[in-house]
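Residues per chain are reported as follows:
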Amino acid sequence: MAWCDACDRYLTPSSLDEDGTCPGCDSGDVLVEVPEMPHTPWHFKLLVVLAGGYLLWRSVFGVIWLFERLG
Ligand SMILES: [Zn+2]
């Protein structure tokens, strides 16, 4: 739901104009942002890469430790 201050009423998203403005007045205020396509932020990708690299790095030492114990 969106609230238009100029009209003093609630508007459903489907009743808004295509650009998200109120169809009942000329305020031009965007009441509901037009939803963007969901995308993964770059810092999340970086975190995944770093976490994966860390786990890989640790697993290398884990295998070395295992072989040392066995040998
Ligand atoms: Zn309005």
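Residues numbered from 1 in each chain as written. Predicted model: local features only at pLDDT ≥ 70, side-chain atom pairs only at ≥ 80, totals over all residues. Heavy atoms only, no water.

As a further point, take a nonpolar patch on the surface. Nonpolar side chains collect at one region of the surface, where Val63, Trp65, Leu66, Phe67 and Leu70 lie side by side and expose about 580 Å² of accessible area between them. The residue Leu66 is located in helix α1 (residues 42-70) in this model. (Patch = residues over 30% accessible without salt bridge, like charges linked within 9 Å, V, L, I, M, F, W, Y side chains within 5 Å. Areas by Shrake-Rupley, 256 points an atom, 1.4 Å probe, with all protein chains shown as cover. Salt bridge = Lys/Arg side-chain N within 4 Å of Asp/Glu carboxyl O. Helix = DSSP H or I, 4+ residues; strand = E, 2+ residues; numbered from the N terminus.)

Time to look at the packing of aromatic side chains. What the rule picks out here adds up to two aromatic pairs. Consider the rings of Trp3 and Tyr10, whose centres lie 4.7 Å apart with planes at 70 degrees: the pair is edge-to-face. Under the relative-accessibility criterion, Trp3 is labelled partly exposed at 37%. Since its relative accessible area comes to 56%, Tyr10 is described here as exposed. Seen from their ring centres, Trp57 and Phe61 are 5.2 Å apart, and the 75 degrees between their planes marks the pair as edge-to-face. One end of the pair is Trp57 and the other is Phe61, both in helix α1 and four residues apart, which spans about a single turn. What makes Phe61 partly exposed here is its relative accessible area of 43%. (Phe/Tyr/Trp six-rings, centres within 6.5 Å; stacked < 30°, edge-to-face > 60°. Buried < 20%, exposed > 50% of the residue type's maximum accessible area, 1.4 Å probe, protein only.)

Before going further, it helps to spend a moment on the side chain of Thr21. Along the polypeptide, Thr21 turns up in the loop between β2 (9-11) and α1. Side chain to side chain, Thr21 and Asp19 meet in a polar contact 2.8 Å long. When residues no more than four places from it in sequence are discounted, the contact partners of Thr21 are Leu16, Gly28, Asp29 and Val30. (Polar contact = N/O pair within 3.5 Å; in protein donor to acceptor, adjacent residues only side chain to side chain. Contact = heavy atoms within 4.5 Å.)

Here the zinc ion is held by Cys4 (SG), Cys7 (SG), Cys22 (SG) and Cys25 (SG), and the distances to it run 2.2 to 2.4 Å. Viewed at the metal, the four donor atoms of the zinc ion are separated by angles of 105 to 115 degrees, and the geometry they form is tetrahedral. In the primary sequence, the donor residues of the zinc ion line up as C-x2-C-x14-C-x2-C. With a gap of 18 residues between them, Cys4 in strand β1 (residues 2-4) and Cys22 in the loop between β2 and α1 connect regions that are remote in the sequence. You can call Cys4 buried: its relative accessible area is 1%. (Donors = N, O, S within 2.8 Å, 3.2 Å for Na, K, Ca; no water. Tetrahedral: all angles 85-135°; square planar, octahedral: opposite > 155°, others 65-115°.)

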